[in-house]
Amino acid sequence: MDAMEALYTTRAMRRVKTDPIPERVQKKILDAAIRAPTGGNTQGWRFLLVDDPGVKSRLAPVYRGCMETLWGSIYKDRIDAATAAPQEEESVEFMKMFRSASHLAEHFEDYPLILFAFCQYDNSGGSIFPAVWNAMLAARTEGVGSALTSVFFLQLDDMRKILGVPDEGDWHFSACVTFGYPTGRWGVAPRRPAHEVSFRNSWDGDLGLKIPEPLFSLD
Ligand SMILES: Cc1cc2nc3c(=O)[nH]c(=O)nc-3n(C[C@H](O)[C@H](O)[C@H](O)COP(=O)(O)O)c2cc1C
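Residues numbered from 1 in each chain as written. Predicted model: local features only at pLDDT ≥ 70, side-chain atom pairs only at ≥ 80, totals over all residues.

Requested: an account of the environment of T149, with residues and values cited.
Within the secondary structure layout, T149 lies in strand β3 (residues 145-149). Judged by the 21 C-beta atoms lying within 10 Å of it, T149 is buried. Separated by 76 residues in the primary sequence, T149 and S73 have C-alpha atoms spaced 17 Å apart. Apart from residues no more than four positions distant in its own chain, T149 is found in contact with L104, A175, C176 and T178. (Helix = DSSP H or I, 4+ residues; strand = E, 2+ residues; numbered from the N terminus. Buried ≥ 20, exposed ≤ 12 C-beta atoms within 10 Å, placed from the backbone. Contact = placed C-beta atoms within 7 Å.)

Tell me about the site of the ligand, and please be specific about residues and values.
Around the ligand lies a shell formed by R11, A12, M97, A101, L104, A147, L148, T149, S150, V151 and A189. Only α5 (89-106) and β3 provide two or more residues apiece to the shell around the ligand. Looking at the shell around the ligand residue by residue, the class counts come to 8 nonpolar, 2 polar and 1 charged. (Near = placed C-beta within 6 Å. Nonpolar A, V, L, I, M, F, W, Y, C, P; charged D, E, K, R; others polar.)

Explain unusual backbone geometry to me, using residue names and the numbers behind them.
For D170, which is not glycine, the phi dihedral falls at a positive 55°. Note that D170 resides in the loop between α7 (156-163) and β4 (171-180). Of note in this structure, N201 is not a glycine but carries a positive phi near 70°. In this structure, N201 sits in the segment after β4. A tally of 8 C-beta atoms within 10 Å means that N201 is categorised as exposed.

I'd love a proper account of the pairing of β4, names of residues and values included.
Of all 10 residues making up β4, 7 are buried, and the element is well covered by its neighbours. Examined bridge by bridge, strand β2 (residues 113-120) and β4 share 8 bridges and lie antiparallel to one another. Paired with I114 across the strands is T178, a residue of β4. Bridge count for β3 against β4 is 5 bridges, and the pairing is antiparallel. Bridge pairing in β4 places A147 opposite T178. (Pairing = 2+ DSSP bridges.)

Can you lay out the sheet that holds strand β1 (residues 45-50) for me, pointing to particular residues and giving the numbers?
Spatially, 4 strands are ordered β1-β2-β4-β3 in an open sheet, and the strand pairing comes out antiparallel. Whereas interior strands pair on both sides, the edge strands pair on one side only; in this sheet they are β1 and β3. The sheet shows a mean angle of 20° between the axes of neighbouring strands, taken without regard to direction. Against the sheet, helix α6 (residues 129-141) engages β1, β2, β3 and β4, with an angle of about 10° to β4. (Axes fitted to C-alpha atoms, helices over the stretch in contact; angles between N-to-C directions.)

In short, the description is geometric, and any link to function would need to be established separately.
Following this line, the structure appears as structure tokens:
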């Protein structure tokens, strides 16, 4: 697959089948992850693959509890605004994400493979998210969808206990990524154009470029 296709179409793919992810693909996901850069090449990371139904069924209610907390706190205003003005374009987009993220929570234990990424001595995330994204891109090249989630940060102790994460070693939870073969189709991620969020030489300096359309399309 062309690199641009993988980059542009690796979306939050939350509606997936329960079919298992073959070992060959699991290897590709992990091997791509550990090719990513880390500060000083320290590679202070640990990846846990979860596919045991018992472990998933213990994690699922924790995940759902976290999402409920999230919707009732950080996202409460956006949910209220979208409910009050459902026709607004922003509301429509938000509610799509809300329904999709809720679907993930409701079906957490049905995802055939879930990856947990932990890192040591890195508060910025800079030494772990390139690896997480590599894993997601590698999955994409195999037709496997993924969704990056961070919401377990709201109930870290429960999640760490279920996974047996040690207290020593300064291991921080970074991300939980669900994987699965999509039930729907791939698409290019819609975003605010780059020229609206990019500048040149100073904070609001004229960029001198316009990129009104995505530079890759699936047609
Ligand atoms: C740091 C980070 C944390 C995220 N946490 C969650 C999460 O907890 N639950 C979830 O369903 N999606 C989560 N997402 C996925 C985003 O909602 C998703 O990437 C965004 O809506 C864009 O989706 P799209 O690429 O399909 O357009 C997270 C993404 C990032 C980058």
